[in-house]
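Coordinates in review
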Amino acid sequence: LSSNISARHFGAFARVHASLCDYRHALMEETETRGLPITRHPMFHYSHDEHIRDMVSQVMLGPDILVAPVLFPGATSVEVYLPEDPDKWVRWPSMAEARPGNLVAEAPF
């Protein structure tokens, strides 16, 4: 059973990885031409947001994707802070809109 579940999760994230091919390629070009890192602390893009400064558990993948990983085994949710700009975010995988501020995201995997 667990190997089937693992295979499904691996397949789902392999599809996410593949769907981001053009975005990742653009980030690699930006790294080569401008020296910018592919993954960045949110402060890189939201330096005006005082809530971001001490954040250690979220990272940006380029300027457009905020990643809030589940860091603890067995966790069923993760606390996320969404900066004020933009005025709305889109949550993956539901594609539901989210407003800036704090939220708790389910971690079903």
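The written sequence of each chain sets the order in which its residues are numbered from 1. Given that the model is predicted, a residue must reach a pLDDT of at least 70 before its local features are reported, and side-chain atom pairs must reach 80 or more before they are shown or counted; all residues, however, enter totals for whole chains, interfaces and linings. Water and hydrogen atoms were dropped before computing side-chain values, which therefore reflect all heavy atoms in the structure.

A closer look at the sheet that holds strand S3 (residues 65-67)
Heads up, the condition is: A pair of strands counts as paired when DSSP detects no fewer than two bridges linking them. Going along the chain from the N terminus, every DSSP run of H or I of four or more residues is numbered as a helix, and every run of E of two or more is numbered as a strand.
If you walk across this open sheet you meet the three strands as S1-S2-S3, and the pairing is antiparallel. With one partner strand each, in any of the chains shown, strand S1 (39-40) and S3 form the two edges of the open sheet. Examined bridge by bridge, S1 and strand S2 (residues 59-61) share two bridges and lie antiparallel to one another. If you follow Arg 40 over to S2, its bridge partner there is Met 60.

Re the pattern of salt bridges
The line we're drawing: By definition, a salt bridge exists where a carboxyl oxygen of Asp or Glu is found within 4 Å of a side-chain nitrogen of Lys or Arg. Relative accessible area decides the class of each residue, using a 1.4 Å probe on protein chains only: under 20% of the type maximum gives buried, over 50% gives exposed, and in between gives partly exposed.
If you walk through the whole model with that rule in mind, you get four salt bridges. Residues Arg 40 and Glu 30 are paired through a salt bridge, measuring 2.3 Å at the closest nitrogen-oxygen approach. With a gap of 10 residues between them, Arg 40 in strand S1 and Glu 30 in helix H2 (residues 21-34) connect regions that are remote in the sequence. Residues Arg 40 and Glu 30 agree in their burial class; the two are buried. In this structure, Glu 97 engages Lys 88 in a salt bridge whose closest nitrogen and oxygen atoms are separated by 3.2 Å. Bridged by salt links that share partners, the residues Glu 30, Arg 34 and Arg 40 form one connected network.

Describing the nonpolar core
Defined as follows: Side-chain atoms within 4.5 Å are what join buried Ala, Val, Leu, Ile, Met, Phe, Trp, Tyr and Cys residues into a set we call a nonpolar core. We call two residues in contact whenever any of their non-hydrogen atoms come within 4.5 Å of each other.
Membership of the largest hydrophobic core comes to 13 residues, with the highest contact counts inside it found for Leu 66, Val 80, Leu 82, Trp 89 and Leu 103. For this core, the elements supplying multiple residues, two or more each, are strand S4 (77-82) and strand S7 (101-106). Ranked by the residues each element gives to this core, the list is headed by S4, at four residues. If we skip the residues at most four places from it in the chain, Leu 82 touches Leu 66, Trp 89, Ala 98, Arg 99, Pro 100, Gly 101 and Leu 103.

What about the packing of aromatic side chains?
Operational definition: Ring pairs are drawn from Phe, Tyr and Trp, using the six-membered ring of Trp, whenever the two centres fall within 6.5 Å, and their geometry is named by plane angle: stacked under 30 degrees, edge-to-face over 60, tilted for the rest.
The final tally for this structure, using the stated rule, is two aromatic pairs. Ring centres 5.5 Å apart and planes at 55° place the aromatic pair Phe 13 and Trp 92 in the tilted group. With Phe 13 in helix H1 (residues 2-19) and Trp 92 in the loop between strand S5 (89-90) and strand S6 (97-98), this residue pair connects regions lying 79 residues apart in the sequence. For Phe 13, a relative accessible area of 36% gives the class partly exposed.

Considerations on the confidence of the model for the protein
Formally: The predictor reports its confidence for every residue as pLDDT, a score running from 0 up to 100.
On average, the protein scores 91 in pLDDT, and the residues at 70 or more come to 97%. Here H1 stands out as the least confident element of the protein, with mean pLDDT 88; H2 is the most confident, with 97.

So, the side chain of Asp 49
Put simply, the rule reads: Positive residues here are Lys and Arg, negative ones are Asp and Glu, while His and the chain termini are left out of the count. The definition of a polar contact used here is a pair of N or O atoms within 3.5 Å, where within protein one atom must be able to donate a hydrogen and the other to accept one, and adjacent residues in sequence count solely through side-chain atom pairs.
Mapping Asp 49 onto the fold places it in the loop between S1 and S2. The side chain of Asp 49 sits in the buried core without any salt bridge; Arg 53 is the nearest counter-charge, 7.6 Å away. Of note is the side chain of Asp 49, whose polar atom sits 3.0 Å from the backbone nitrogen of His 51. What Asp 49 contacts, discounting residues up to four positions off in sequence, is Tyr 81, Pro 83 and Glu 84.

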